[in-house]
Each structure stands twice: as structure tokens, then as C-alpha cells.
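So the chains spell out like this:
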There are 2 protein chains.
Amino acid sequence: MTDASLKTAAMLAIGDELLSGRTKDKNIGHLADVLTLAGIDLKEVRIVADEEESIVEALDALRARYTYVFTSGGIGPTHDDITADAVSKAFGVPCRHDAEAMKLLGAMYERRNMEFTEARQRMARMPEGARHIPNPVSTAPGFVIGNVHVMAGVPQVFQAMLDHVVSTLPAGTRMLSRSIACPFGEGDIGTLLGAIQKNHPETSIGSYPQFDGKRFSTELIVRARDEAVLAAAAADVEAMISALEAERDGNRPRDLDTGELA
Amino acid sequence: MTDASLKTAAMLAIGDELLSGRTKDKNIGHLADVLTLAGIDLKEVRIVADEEESIVEALDALRARYTYVFTSGGIGPTHDDITADAVSKAFGVPCRHDAEAMKLLGAMYERRNMEFTEARQRMARMPEGARHIPNPVSTAPGFVIGNVHVMAGVPQVFQAMLDHVVSTLPAGTRMLSRSIACPFGEGDIGTLLGAIQKNHPETSIGSYPQFDGKRFSTELIVRARDEAVLAAAAADVEAMISALEAERDGNRPRDLDTGELA
């Protein structure tokens, strides 16, 4: 792809609890939805344990390859919250208690008449030079360094932080999509659909099988960044469905033999 | 870790629809649950698009590093189902229509009075030398080659295939766990809990914050592969909670000053 406006992204979800099954991730699907709307292509997701080496290695692989990296998890007050340390290590900068974050958190605990313990102060730690991502839910900020956006694992907090982050990113060229209901199963359309995909290389055509208890059908999604490109591919998909319906009904349409689908 | 019975695993979930948000993955959490019960450590998960290069690269990284790799998705009948090709490429063997799979699928479509189309025949393709993973739901088999287990993306089929696969694997040393309810928030216990984790390096202690609308509490999970190791760490966690409760209630317990937690 040579389109300079094409923005790509990866997600790194951090946490033993995701890998043990104790917590079922809710952030990946949400990020995917939000990025798709923003015209940013989510290309890869990794989930790793709360282990510094694993986090640093994944982070280095992803931040080199994609426009943006978004992380979730590991920025709370306990010993297994080591994301700030790992990100600092990946960027080769010290991990410090950020003065502004200490002020925000200190004031919040004072208002709530709670002790600002050493553990709670851990939530103010971030790599030197990082900028805050505001946390309207529970105060402790996320942070941005380079192209890496570090957010909380708790879904409500992740979502609030992400809303802010996405509003600061230049939008990519939005992906357009068209959904076409197809009364045939994947096995009936697979070969024809493959040919259409080949003829429209700038589109991405996905097929999603459905089963109503009696028979299979398919939802076909055509995606492209250009309306004319999208329309041309969608027209071929619709012609394929009409041709198959005519065949099923015993009336071969007059133009089928000369069309691309014959 | 030097424990030869320690089995590790990675998952590779394959599919554009997971990265666009159109489909929310349900297989990762299920695999995590099943492997935890089987004593196999899920160490990493990756989600990649339906792109051969991305699949091959992830597969090669994961299969070299972990005892087992489990994949989901991309083994259906359409043009974007390229998992069999990618796995064959990673292992350097041809991808062929498997004779036994052709027979199974051919018989199934005959029974259902449906045409065994070229697209449907794609579901019989697998790397030369692969063994079948039976599919009691919709016939088209998954397959195993080397340490890689290739399964369907549809959750009902993934789950049925996984049940079979797990029954064929030698179980690892099962991880034991104990859950301890803690009436204090993470900010109150973080430092003490970090010290306990440090004193019990063979355990993994996780803390999961809970909020009932009024105050924070925590569920603490201690995990270890050995019952005595687990019991020792759990005892220290319980002592920590008792000490904090006594402090909160104004009665310092007589042994707190001399204990590890002081």
C-alpha cells in the first residue's frame, strides 16, 4: 500500500488474568470497533503475561511496525502492575513518579480522606517525557510515549481513555463498507466470490455464514476506501447472487454466459 | 523454570473480522479456561488478519517458543480461508486435498443432497502429513501438524475440536489456586502484597479489585503447582489481612511487630 494516509495499529493487552481465563477481555473488540470508525486499520493484537521481558519484546516488535500501539492493563497499584516499567525499558528512559500525576492523585485521595499510600503512588509512575492520557473515571492517568498509548485494563477506564486518545489522532481515510445479504451458503458461492475478490484487489470481501436452523445463508461485506471501487465490487457481488438465484429457479439470465461469473 | 512437566501454549486467532470489530472473539477466553484446567500454561495470544505472510510469521514465532500452538479460524470454504496454505508454508510441505477428508465431506454432502462444490472441497485441504482433528458439529476436520493444532473459528466447532485435542495431550502439572477475599482496596495492600510475592517466588499472586458501589475490596488469587508452596503463601496473605483489620479496628495484634509484614 502506498497510501500515505493509511494508518495502522496494533494492540497489546497485558495481564496474567486474560491468559488464565479468569478475566475475559472486553477491550480488544471495543478498540477494533473504535479504530474501524476512525479509519485506522487494526492489524495485529497480542496478549502477554505480566512479565517485563514479554511486554518489552512485544512492544518493540509492534511499535516498529505500526503507526500506533495501544496497550491495556498493568497500570494499577500492585506488584504485578509493571507496564510503566516495561514501557520505560523499551524506550530506554527512566520510569519516575510524574509530578503532575502525583498532584492529581494526592488531591483525589485527600478529597476522599484516604491515605496516599506507596502502592497508590505507583499509579503516578510513567516513563520520563511521557504525556498524560486523562482518566475521567478514576483519576490515575494513562500515558503516551512515542507512538505507544498506555491505558488501563478496566473496561470503563480503557474506553474513557481511548475516547480521548482517538480524538487527538489524525483520522485515516475511513474504510467504507457495504453489507449484502446472500441467500446461499459459503460452499455455493466460495469459488465465484474468490474470482470477484481477485478482480477487485483494492477491496476486501468478507463472508460470514449464518444458519437459521434450517438452511445456510451468508452476509457478504465489501470494504474499500474509495466509493467507486466499493460500488464496482458490490455490483459484481449482487450480479453473482442474481445469477445464482436465476439458476436455482431454472431461468438462466440472458447475460450470464457472457458475464464474468459464467 | 526447570520443571520438565511444565507445558506452555500460545494461541493464534486468525481473521479480519476479529480486527475490524465485526466479530467479537469468544475462543481466546474459552481456550484459556480449558488449558488452565489441563495444567497447560497459556503464555501468549496473537490475533492476525487473513494474510499469509502475517500468519506464517506469527506461527513460526509461536511454534518455536511454546509446547503447543492452537489456532482458530480460516479453514472454511471461501477465498479468505487461507490457514491451511499458511500452515503448510510455515512447515515447508505442500497443501493438498486430503483423501480421507474428501471422503468424509463428500459423503456428508451426498447425504444432505448438496453439491460438493470446488469451494466446499477447499475444506478438505491440509498440509501433507497432517492428522485430522474430528469435527462432530459440521464434519470438516481441523488438523495437527508438529505442535500446531488448527481449529475452526466458529465457537461451537472450536470448542468441540478443542475437547478432542485436549483429551489427547499429556496433562501438565496442574496449577493449584486459592481465592482469598480481602476487604481492602489495592491501594491499601499493594506494598505488603508485593513483599509477600517476593518472599514466595514460586507462586503467582494476582489481585482483582472489586467495587460494590460504596467501597473497594479485592479478590486475591494465589497460584502454585505445589500444595505446600501454595499454603505457605496463602497463610501470609491471610496474616496480612488480619493485621490490617486489627490495625483498622485499633487493636494491634501482638505478633505484628515481629512478623514479616511489619
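Residues numbered from 1 in each chain as written. Chains lettered and ligands numbered in written order. Predicted model: local features only at pLDDT ≥ 70, side-chain atom pairs only at ≥ 80, totals over all residues. Heavy atoms only, no water.

A count of helical and extended segments in chain A gives nine helices and 11 strands. Relative to a compact globule of 262 residues, whose C-alpha radius of gyration would be 18 Å, chain A shows 24 Å and is clearly more extended. Long-range pairs, those at least 24 residues apart, make up 67% of the contacts in chain A with a sequence separation of at least 6. For chain A, the exposed surface amounts to about 12100 Å²; the carbon and sulfur share of it is 50%. (Helix = DSSP H or I, 4+ residues; strand = E, 2+ residues; numbered from the N terminus. Rg over C-alpha atoms; globule rule 2.2 N^0.38 Å. Contact = heavy atoms within 4.5 Å. Areas by Shrake-Rupley, 256 points an atom, 1.4 Å probe, with all protein chains shown as cover.)

Once that is clear, we can look at the sheet that holds strand S6 (residues 131-133) of chain A. Here 12 strands make up an open sheet; going across it, the order is S6(A)-S7(A)-S8(A)-S3(A)-S1(A)-S2(A)-S2(B)-S1(B)-S3(B)-S8(B)-S7(B)-S6(B) and the pairing mixed. Since the sheet does not close on itself, it has two edges, and those belong to S6 of chain A together with strand S6 (131-133) of chain B, each with one partner. The sheet shows a mean angle of 20° between the axes of neighbouring strands, taken without regard to direction. With four bridges joining them, strand S3 (residues 68-72) of chain B and strand S8 (residues 148-151) of chain B adopt parallel strand pairing. Bridge pairing in S8 of chain B places Val69 of chain B opposite Val148 of chain B. (Pairing = 2+ DSSP bridges. Axes fitted to C-alpha atoms, helices over the stretch in contact; angles between N-to-C directions.)

On to the packing of helix H8 (residues 186-199) of chain A against helix H9 (residues 227-248) of chain A. All names here are of chain A. Orientation of H8 relative to H9, taken along the N-to-C sense of each, is 150°, at an axis distance of 10 Å. By the angle class used here, H8 and H9 are roughly antiparallel. For the element pair H8 and H9, the recorded crossing hand is right-handed. Counted together, Asp188, Ile189, Leu192, Leu193 and Ile196 of H8 and Ala233, Asp236, Val237, Met240 and Leu244 of H9 form the full contact between these two elements. (Parallel < 35°, antiparallel > 145°, perpendicular 65-115°, else oblique. Left-handed = near helix turned anticlockwise from the far one by under 90°.)

The sites that UniProt annotates as "domain: MoaB/Mog" (unreviewed entry) are residues 10-172 of chain A. Strand forms 22% of residues 10-172 of chain A and helix 44%; the C-alpha atoms that close the span are 15 Å apart. (UniProt positions renumbered as here; feature names shortened; annotations may be inferred.)

As a further point, take unusual backbone geometry. A positive phi angle, close to 60°, is found at Asn113 of chain A, a residue other than glycine. Following the sequence through the fold, Asn113 of chain A ends up in the loop between helix H5 (99-111) and helix H6 (118-121).

For the pair chain A and chain B, the relating rotation is 180°, the translation along its axis is 0.0 Å, and the fit reaches an RMSD of 0.0 Å. Both chain copies can therefore be described as sitting about a two-fold axis. When each C-alpha of chain A is compared by its distance to the rotation axis, Arg46 of chain A comes out closest, at 2.2 Å. Of the interface residues in chain A, 100% have counterparts in chain B that sit at the interface too, so the contact is made through matching surfaces. (Least-squares fit on C-alpha atoms with pLDDT ≥ 70 in both.)

Attention now goes to the domain arrangement of chain A. Each domain of chain A was delimited in the assignment, giving domain 1 (7-168) and domain 2 (176-248). Its C-alpha centre places domain 1 of chain A at a distance of 39 Å from the equivalent point of domain 2 of chain A. (Domains from an automatic or database assignment.)

For the rest of this paragraph, the subject is the pairing of strand S7 (residues 142-145) of chain B. All names here are of chain B. With burial as the criterion, each face of S7 is covered, one bearing Gly142 and Val144 and the other bearing Phe143 and Ile145. Of the strand pairs in this sheet, S6 and S7 are connected by three bridges, and their pairing is antiparallel. Paired with His132 across the two strands is Phe143, which belongs to S7. Where S7 lies against S8, three bridges are found, and the strand directions are antiparallel. Following the sheet pairing, Ile145 is matched in S8 by Val148. (Buried < 20%, exposed > 50% of the residue type's maximum accessible area, 1.4 Å probe, protein only.)

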